[in-house]
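Take a look at the letters that make up each chain.
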Amino acid sequence: MKKIIKYVMTDILRNRIVLVYTVFLLITSFSVFSLEDNNSKGLLSLLNVILIVVPLVSIIFSTIYVYNSAEFIELLVSQPLKRKSIWLSLFTGLASSLSFAFFIGAGIPVLLYQPNSVGCMMIGIGILLSVIFVAIAMLAAVQTRDKAKGIGIAILLWLYFSLLFDGLVLFLLFQFADYPLEKPMIAISALNPIDLGRILILLQLDVSAMMGYTGAIFKDFFGTYIGGIFSFTVLLIWIGIPVFFSTRKFNRKDL
Amino acid sequence: MIIASNVSKQFGKLKALDNVSVACKKGECIALIGPNGSGKTTLIKSILGMVVPDSGFITFNEKNILHDWKYREQIGYMPQIGRYPDNMTIGHVLDMMKDIRSNSLQTDEDLIKAFKLNELMHKRMRTLSGGTTQKVSAALAFLFDPAVLILDEPTAGLDPVASEIFKEKIITEKQKGKLVLITSHVLSDLDDLITQVIYMQDGKLCFHKTIEALRKDTGEEKLSKAIANVMTKN
Amino acid sequence: MRYVLMIFLFALCYSNCFAKTIRVGKNQSYKSITSAIAVSTVGDTVLVDAGLYFEKNLVINKRIVLKGIDHPVLDGEKKYEIISIKADAVVVDGFKIIHSGVSSIVDIAGIKIYNRRDVVIQNNILDDTFFGIYLQNVKNCFIKNNQISAHNSEEQQSGNGIHCWKSDSLQIIANTISGHRDGIYFEFVTHSVIWRNVSFKNIRYGLHFMFSSDDAYISNSFENNGSGVSVMYSHGVKMFNNYFKENWGDAAYGILLKEISDSYIEGNFFEKNTSGIYMEGASRIHMQKNTFKNNGWGMKIQASCMDIVVEKNNFIGNTFDVGTNGSLVLNTFNNNYWDKYDGYDLNKDKIGDIPYRPVSMFSMIVEKNPPAMMLFRSFMTSLLDKTEKVLPSLTPENLKDNFPMMKRLF
């Protein structure tokens, strides 16, 4: 299994899109930090990049990569290898190389300009989001043979997680405005890894605004030891469940 | 060596394999022939475990291949379209395959030499022509000296010289007592190679005969003519 | 001129001749302060050596100066009010006053002044007192340079640092107060000044100000108090050059203004507060030259406010510059600097050519529906904000700065 991971990683890390992605992140991060007059403002601008671009690139690149590797996967399947280990190697290869690209592109500038808890949290969340969206992409890709359809699903999923979900939440909030929704919001935030990641970063960053009533509840929850464990567990579940289901599907899939 | 019993497979409404039973033995070189969409590739994929039959079973050396993967150590497979990760070099691909099958110590690098792939080792896969990629696939299939060779449209992209080298390789392997399964549209290529013919249509196995029997039945010497004869009869 | 000199000399002579100094201490003739006060007469000075004194409740009922050398310690044994001043023009200077009694019925204080005037309390250290310095119905008193601290964590068990009730013409200067319920408490206090005090880490408010008119508080620092500063039901208040910092929490504000009118807020600095200023029912307030930096909300102006003038302020790095809860706006914003302004200045007069709308769509949403804070800084809400800028629908039409400055003002 390690062997396949190694080769998949070398392949992806030499991929032009991944190189462009890394360079894009590098340029954005450095320009954001050098243009903004204070570093925490730079971090905020970078936050938007991380929350939008990282999931987008991760999900679309992984989907396309899986489809483009269809024949290669077939070849691997014809070899004396377990399907499970092929799929997991592919996942590990994709996840680790995209995380690596993110770390080089955004992690290093952040560590240079903001070597503190916010910076570390941001890098951690960025890496987790990369991995989560690789997992989701692989689940989307294993569901359908049609490449165009698969990419379409991937884009829709990204749109859902970064935009539609929030719209839905806003709609629900106004529909149930008369009920105390602060605590259910914590549960709802667990349904979207992007939201969860954003809240975790903001709790380190925009402390003043987050100390309003709702923010205080978030802070009381996510700021504690148990809350931290909870949120990271949830993020790990967001990796585990798609990987589990996609592996199961791939095991039974006709190639 | 490979026995398929009553294998059926359906993709949506399409019956790709309909109650196919076939037995392949050592030392045979079998041509799997049929029109497009007749289920040849599905049969091959079933044998390789890429497609799981809806009903029926396939055994390899008397062992059911379902949920097994070890048996593939004895198979060399050359796919119809070989595509490899864009940024790997030929060397990488070969190394990776050797890594995967690290337990087979002996490698058969005849084809690598014959196709002069040694000089191209550092080339990225995306820069290769279709023919060269096909050569890589062929070399990979033979690399581990497997007992069974499954070749899906092997000569499609190869130039005449390479094609000839390839055929000779198949013949030598056949003589070593290996089982070779070939699908091809270019029937003229198969003439000197094969010992048996499996003809499929609409997912059904129409016949499985030795080449001599086929020639006798149709009265044609050339395989292409013989098959044409069969097809018009049907 | 000669007469004046005569009177001056006479006065000097008088004080030298008739006022005596009574010393108290281990090695002095008077061992306790109570006994020294008992023999003292009006105008005397009681000078206390360093040491630990258990005087129970020390009542000063004549005009004397009570002065400590090297902060002699008066211990209230957690039972007594330590000094009760029941005479005019008493001076208490240089004591360390610790462990007053605690009561939920009477307001026990470290030093309490009862219905008198011209009292001076200075250079004292008060630690672990229920109320620190308590001014009840007094006039023209002078509270200077005291350090007041307490360590309780619950409001009920703690009194206020400097508590002023129904008083007039007070001067509260350069005191440091921490750990009390309210740092400085003003109720029915008029014509007074609070100057250069530092009030931090108090349980409730750094400064609690009610029904007190025509007062000024200047150059104070209020930091990290439970709920910031609250100024309520008053008029004619001048708030100049104060520093409000890190007042964080659910209901914490740099300043909470409630039912305030005819007041001035100038030159203050608000940094890292949940809300810099929260205004409710305020009217005729002039705010200028303040800086709002890195707050959650720079200011929140409820729709019940009117005739507020906000001009020449800096708004920098706030999450939301201005929040409001209604669409009716009777306030004026002019010539402020907003770091979020992205307009242009074609005629180079340093004033932006298009108005700035400091209220964002999302801040309106959060105001109406606080749990929406969960979506803070999401892609969705930034899209909403952008559309709202082009087509205002939810944010108040009139709440805008028509002349936003291009550069930071000061």
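The shown structure was predicted, so the numbers you read here are calculated from the model rather than taken from an experiment.

(A) View of the overall build of chain B. Check the secondary structure of chain B and you find seven helices and 10 strands. Radius of gyration (C-alpha) of chain B: 18 Å, near the 17 Å computed for a compact globule of 234 residues. Burial statistics for chain B: of 234 residues in total, 44% are counted as buried. Taking the intrachain contacts of chain B between residues at least 6 apart in sequence as the baseline, contacts between residues at least 24 apart amount to 71%.

(B) Examining the overall build of chain C more closely. Within chain C, the secondary structure is distributed over four helices and 38 strands. On the principal axes, the C-alpha backbone points of chain C span a range of 85 × 55 × 30 Å. The proportion of buried residues among the 410 residues of chain C is 47%. In chain C, of all internal contacts separated by at least 6 residues, the share reaching a separation of at least 24 is 45%.

(C) Representation of the confidence of the model for chain C. Within chain C, residue pLDDT values average 89, and 96% of them lie at 70 or more. For this predicted complex, the interface score ipTM comes out at 0.83, alongside a pTM of 0.80.

(D) Molecular detail of the packing of helix α3 (residues 39–68) of chain A against helix α9 (residues 193–205) of chain A. All names here are of chain A. Between α3 and α9, the least distance of the axes is 11 Å, while the angle of their chain directions is 170°. Put simply, α3 runs roughly antiparallel to α9. Here α3 contributes Ser-40, Leu-43, Leu-44, Leu-47, Leu-51 and Pro-55 to the contact with α9, which in turn contributes Ile-194, Gly-197, Arg-198, Ile-201 and Leu-205. Across the contact of α3 with α9, the residue classes break down as eight nonpolar, two polar and one charged.

(E) Molecular detail of the sheet that holds strand β3 (residues 29–33) of chain B. All names here are of chain B. Ordered by their spatial adjacency, six strands build an open sheet running β6-β7-β8-β3-β9-β10, and the pairing between neighbours is mixed. Two strands close off the open sheet at either side, each with one partner strand: β6 (75–78) and β10 (204–210). Pairwise comparison of adjacent strand axes, ignoring direction, gives a mean angle of 15° for this sheet. Where β6 lies against strand β7 (residues 148–152), four bridges are found, and the strand directions are parallel. Each residue of the ladder has a partner; that of Met-78, found in β7, is Leu-151. The strands touched by helix α4 (residues 130–143) within the sheet are β6 and β7, with β6 carrying the most contacts at an inclination of about 175°.

(F) How the structure looks around the arrangement of the chains. The pair of protein chains exhibiting the most contacts, out of two pairs of chains in contact, is chains A and C. For chain B and chain C, which are not in contact, the least C-alpha distance works out to 34 Å.

(G) The arrangement of the nonpolar core in detail. Among the nonpolar cores identified, the biggest contains 259 residues, and A:Val134, B:Ala139, B:Ile150, B:Leu181, C:Val46 and C:Ile111 are the most heavily contacted of them. With 19 residues, helix α6 (residues 117–143) of chain A is the largest single contributor of residues to this core. Among the domains, domain 1 (45–225) and domain 2 (227–359 + 395–410) of chain C are the pair contributing at least three residues each to this core. Look past the residues within four positions of B:Ile150 in its chain and what remains in contact with it is B:Ile44, B:Ile47, B:Leu48, B:Ile75, B:Tyr77 and B:Leu181.

(H) Up close: the interface of chain C and chain A. Facing the 24 residues of chain C at the interface are 30 residues of chain A. Per-class residue counts for the side of chain C that touches chain A are 11 nonpolar, 10 polar and three charged.

Criteria and cut-off values
Residues numbered from 1 in each chain as written. Chains lettered and ligands numbered in written order. Predicted model: local features only at pLDDT ≥ 70, side-chain atom pairs only at ≥ 80, totals over all residues. Helix = DSSP H or I, 4+ residues; strand = E, 2+ residues; numbered from the N terminus. Rg over C-alpha atoms; globule rule 2.2 N^0.38 Å. Buried ≥ 20, exposed ≤ 12 C-beta atoms within 10 Å, placed from the backbone. Contact = placed C-beta atoms within 7 Å. pLDDT = per-residue confidence, 0-100. Axes fitted to C-alpha atoms, helices over the stretch in contact; angles between N-to-C directions. Parallel < 35°, antiparallel > 145°, perpendicular 65-115°, else oblique. Nonpolar A, V, L, I, M, F, W, Y, C, P; charged D, E, K, R; others polar. Pairing = 2+ DSSP bridges. Core = buried A, V, L, I, M, F, W, Y, C linked by C-beta atoms within 7 Å. Domains from an automatic or database assignment.

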